[in-house]
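Chain by chain, the residues run as shown.
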Amino acid sequence: MKILGISAHYHDSAAALVVDGVPVSAVQEERLSRHKNDAGFPSNAIEWCLTNAGLEADDLDAVVFYERSMLKFERILTSALRTFPYSWRSFPHAIKNSLGEKVWVRGIISSYLGVPRKKILFTAHHASHAAAAFLTSPSRRAAILTADGVGEWATVTAGHGTRAPGATDITLLREIRYPHSLGMLYSTFTAYLGFAVNEDEYKVMGLAAYGRPTMVEQVRKLIRRTPDGGFALAPEYFEYETTASRSYSSRFEDLFGSPRTPFEPIDMETTEGRRFADCAASVQRVLEDTLVEMARALHDETGLPDLCLGGGVALNGVANARILAESGFQRVFVPPAPGDAGCALGAALYADRIYFKNPDRDIPDHPFWGPAVDARELAKAATEDGQTVQELDDARLVERIADDLAAGRVVGWMDGASEFGPRALGHRSILASPQSREMRDRLNRDIKRREEFRPFAPVTPLETADRYFELPSGGARLGRFMSGVFPVRPEYRSALGAITHVDGSARVQTLDQAMAPRLHALLVAFGKRTGLPVLLNTSFNVAGEPIVNRALEGYSTFRRCGIDALVAGGVVVTKAAAPPREVAS
Ligand SMILES: [Fe+2]
């Protein structure tokens, strides 16, 4: 059975194709359209998914949209009526931007793909998140917790799932509904701290490490725990229901002070800079505490050892690590794409297992469902452009790049199919030595062109990860897709200066050799030269651009920033300014 999943029209549009119960292709629209966080109808992603599998739209048995658009329409309409007349300004905006085409999704999909309307199905938004988290995990029975900004009505769901031959089940026991939302709480602080909502939430988490949670009591005025184990936001501090331009109220500002303007630098040497960092640390702490308590209650209720986490909130690696440590679950699974893009895959899997009742299948445990890089394309472009191009076999390439990295060069690394999800996990990465703070500053300044407080993540072989990082039981699993933040062992913090965050932590990827064997070999070769089989691994893009997809985009990025060497397959390109070492080829 061939099922296409689609998420679109909010942010991070994507398409995913599931054939006979297993993903074949999945890609976010932004990687193809080259518009970051592209929210439009994912026509490029759909076309690529079908072409990659050698299918026509006629071959599809079903097309599944990741949420119930009429329910979302109802939520926006109801919210607007509830807060009328204050909402009269935001309602047209919400209709235009949040809904727009969404209500007419069945007609759009039908006319775009030419599939009959009866083949078009809809899943609930959080069922898509739950399916993306549970059905891609190796767990056969797990508790499921999802949390995001909002879907139709739900913002948090809690339940459990079972995978058994012919009897897959996902039961969501309860939900918390809009406007009460952990994602909206965090996004409100994201906006208050001068960052882009739905995009820069991870900057708040990065900034939190510089601060102290001195304003936890103030944040707790915004979010009240309810007797049933849920929470409710205090409406007087928020305005996202009533205006499109601002998410917090003047009472919010009374509590936390004046907001940061987006272009104001954050200087930790100033009182203002420290206030913003303390504010980030405080909302981060409250988010973690709330998630840990909800997860603990779900553990006590289900008695299950495994937890699958979904929704955009599951991108918060500090919270995930605390859930693992404190909620009682032995294993916590976060998929590579827990946010709305991942819902395209979740919706397709949900339809396959639960709507069509197809047999359970193990999903390959990796994130590489996107377009493959073409090394010949890179060689051709670089040669025509007069750059130094070499073609090496795998063993020589690994030794050569390990030499470059040990010499302090920065490498753009493209290998095979691209990652589905926001993290570069070894196929579209910028790699560098993890050893010095100067390297971190150089990458932030000359390559990524982003704020200096932003940390970089390390990648290290799974088998030796706990030598350098304090991984609790279950921590290596969270690190598989870079979903947990853990302490760097104190004795290695100065030796790993480029990837150790200000609080001594790192969002480490624990690399299983079978998942990305070439990167694994590179780590081992780098370890032989430096004594540390650890590399700095950051997504291959510059600020404001999506992660590179094709070889040409990697080449264009390489030419525009301070990357010294670029790899795709067996092809290595170097800039004239950074000549390669003498290596026989
Ligand atoms: Fe969502």
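All values derive from a computational prediction rather than experimental measurement.

Draft legend 1. Main features of the sheet that holds strand 12 (residues 331-333). In space, the five strands of this open sheet follow the order 8-7-6-11-12, with mixed pairing throughout. This sheet does not close on itself; its edge strands, each paired only once, are strand 8 (169-177) and strand 12. Averaged over all neighbouring strand pairs, the angle between strand axes comes to 20°, with direction disregarded. Taken together, the eight bridges between strand 7 (residues 154-162) and strand 8 define a ladder with antiparallel strand orientation. Paired with Ala154 across the strands is Arg177, a residue of strand 8. Most of the contacts of helix 11 (residues 271-302) go to strand 6 (residues 141-147), to which it runs at about 155°, and overall it touches strand 6, strand 7, strand 8 and strand 11 (306-310).

Draft legend 2. Representation of the side chain of Asp404 within the structure. As for its position among the elements, Asp404 is in helix 15 (residues 394-406). A residue is classified by how much of its surface remains accessible, and Asp404, at 0% relative accessible area, is buried. Leaving out residues up to four positions away in the same chain, Asp404 has contacts with Arg409, Val411 and Ala565.

Draft legend 3. Region of the structure containing a negative patch on the surface. There is a patch of like negative charges on the surface, built from Glu56, Asp58, Asp59 and Asp61. Following the sequence through the fold, Asp58 ends up in the loop between helix 2 (43-52) and strand 4 (62-65).

Draft legend 4. Geometry of the confidence of the model for the protein chain. Averaged over all residues, the pLDDT of the protein chain is 91; the fraction at 70 or higher stands at 92%. Below pLDDT 50 for its whole length, residues 85-89 participates in four contacts with residues either more than four positions away or in separate chains. Ignoring residues within four places in sequence, the model shows residues 95-101, a span with pLDDT below 50, making 14 contacts including any to other chains.

Draft legend 5. Region of the structure containing the coordination of the iron ion. Coordination of the iron ion by the protein is provided by His125 (NE2), His129 (NE2), Asp148 (OD) and Asp340 (OD), with metal-donor distances spanning 2.1 to 2.2 Å. Given four donor atoms and angles of 89 to 170° at the metal, the environment of the iron ion is assigned as irregular. Taken in chain order, the donor set of the iron ion reads H-x3-H-x18-D-x191-D. On the criterion of sequence distance, the pair formed by Asp148 in the loop between strand 6 and strand 7 and Asp340 in the loop between strand 12 and helix 13 (342-355) is long-range, its members being 192 residues apart.

Draft legend 6. Inspection of the packing of helix 14 (residues 375-384) against helix 20 (residues 551-560) at higher detail. Between helix 14 and helix 20, whose axes approach to 8 Å, the crossing angle comes to 40°. In terms of orientation, helix 14 lies oblique with respect to helix 20. Viewed along their axes, helix 14 and helix 20 form a crossing whose handedness is right-handed. Taking contact as the criterion, the partners of Glu377, Leu378, Ala381 and Ala382 in helix 14 are, on helix 20, Ala551, Leu552 and Tyr555. Looking at the contact of helix 14 with helix 20 residue by residue, the classes come out as six nonpolar, no polar and one charged.

Draft legend 7. View of the environment of Phe486. For Phe486, the position within the fold is in strand 17 (residues 486-487). Accessibility expressed as a relative area gives 3% for Phe486, which makes it buried.

Draft legend 8. Here's a closer look at the nonpolar core. Ranked by size, the top nonpolar core spans 103 residues in total, and within it Leu307 and Phe469 carry the most contacts. Among all residues touching Leu307, those that are not within four sequence positions of it are Ala143, Ile144, Leu145, Ala295, Leu298, Ile323, Phe329, Arg331, Val332 and Phe333. Core analysis: the second largest hydrophobic core is formed by 55 residues, Ala14, Cys49, Phe65 and Phe134 among them.

Draft legend 9. Spotlight on helix 15. Over its 13 residues, helix 15 extends 18 Å from the first C-alpha to the last, a length consistent with the 18 Å expected when each residue adds 1.5 Å. Within the span of helix 15, buried status applies to Leu397, Val398, Arg400, Ile401, Ala402, Asp403, Asp404 and Leu405. Just past helix 15, the residue Gly408 takes up positive phi, approximately 90°.

Draft legend 10. Highlighting the pairing of strand 20 (residues 535-539). Here strand 20 lies mainly inside the structure; five of its five residues are buried. Sheet topology places strand 15 (residues 428-432) next to strand 20; four bridges connect them, and they run antiparallel. Across the sheet, Leu431 pairs through a bridge with Asn537, a residue of strand 20. In this structure, strand 16 (residues 458-461) lies alongside strand 20, joined through two bridges in antiparallel fashion. Bridge pairing in strand 20 links Pro458 to Leu536.

Draft legend 11. Expanded view of the state of the cysteines. Going through the model one piece at a time under the given rule, you end up with zero disulfides. You can see Cys308 has no disulfide; the closest cysteine sulfur is in Cys343, sitting 15 Å from it.

Draft legend 12. Spatial organisation of the packing of aromatic side chains. For the structure on display, the rule yields 14 aromatic pairs. With centroids separated by 6.1 Å and ring planes inclined at 70°, the aromatic side chains of Phe65 and Phe122 adopt a geometry described as edge-to-face. One end of the pair, Phe65, is in strand 4; the other, Phe122, is in strand 5 (residues 120-122), with 57 residues separating them in the sequence. You can call Phe65 buried: its relative accessible area is 0%. Seen in terms of ring centroids, Tyr555 and Phe558 are 5.8 Å apart; in terms of plane orientation they differ by 35°. Their pairing is tilted. One end of the pair is Tyr555 and the other is Phe558, both in helix 20 and three residues apart, which spans about a single turn. When sorted by exposure, Tyr555 lands in the same class as Phe558, which is buried.

Draft legend 13. Structural context of the sheet that holds strand 5. The mixed open sheet is built from five strands, whose spatial order is 3-2-1-4-5. Each end of this open sheet is capped by a strand with a single partner; those strands are strand 3 (22-28) and strand 5. Each strand axis lies, on average, 20° off the axis of its neighbour in the sheet, ignoring direction. Relative to strand 3, strand 2 (residues 14-19) runs antiparallel, the two being bridged by six bridges. In the sheet register, Ala16 faces strand 3, and the bridge partner there is Ala26. The sheet strands contacting helix 5 (residues 105-113) are strand 1 (2-7), strand 4 and strand 5, and the helix crosses strand 5 at an angle near 145°. Relative to strand 1, helix 13 is tilted by about 140°, and along the sheet it contacts strand 1, strand 2, strand 3, strand 4 and strand 5.

What counts and how
- Residues numbered from 1 in each chain as written.
- Predicted model: local features only at pLDDT ≥ 70, side-chain atom pairs only at ≥ 80, totals over all residues.
- Heavy atoms only, no water.
- Pairing = 2+ DSSP bridges.
- Helix = DSSP H or I, 4+ residues; strand = E, 2+ residues; numbered from the N terminus.
- Axes fitted to C-alpha atoms, helices over the stretch in contact; angles between N-to-C directions.
- Contact = heavy atoms within 4.5 Å.
- Buried < 20%, exposed > 50% of the residue type's maximum accessible area, 1.4 Å probe, protein only.
- Patch = residues over 30% accessible without salt bridge, like charges linked within 9 Å, V, L, I, M, F, W, Y side chains within 5 Å.
- Areas by Shrake-Rupley, 256 points an atom, 1.4 Å probe, with all protein chains shown as cover.
- Salt bridge = Lys/Arg side-chain N within 4 Å of Asp/Glu carboxyl O.
- Lys, Arg positive; Asp, Glu negative; His and termini not counted.
- Charge placed at Lys NZ, Arg CZ, Asp CG, Glu CD.
- pLDDT = per-residue confidence, 0-100.
- Donors = N, O, S within 2.8 Å, 3.2 Å for Na, K, Ca; no water.
- Tetrahedral: all angles 85-135°; square planar, octahedral: opposite > 155°, others 65-115°.
- Parallel < 35°, antiparallel > 145°, perpendicular 65-115°, else oblique.
- Left-handed = near helix turned anticlockwise from the far one by under 90°.
- Nonpolar A, V, L, I, M, F, W, Y, C, P; charged D, E, K, R; others polar.
- Core = buried A, V, L, I, M, F, W, Y, C linked by side-chain atoms within 4.5 Å.
- Expected span 1.5 Å × (residues − 1).
- Disulfide = S-S within 2.5 Å.
- Phe/Tyr/Trp six-rings, centres within 6.5 Å; stacked < 30°, edge-to-face > 60°.

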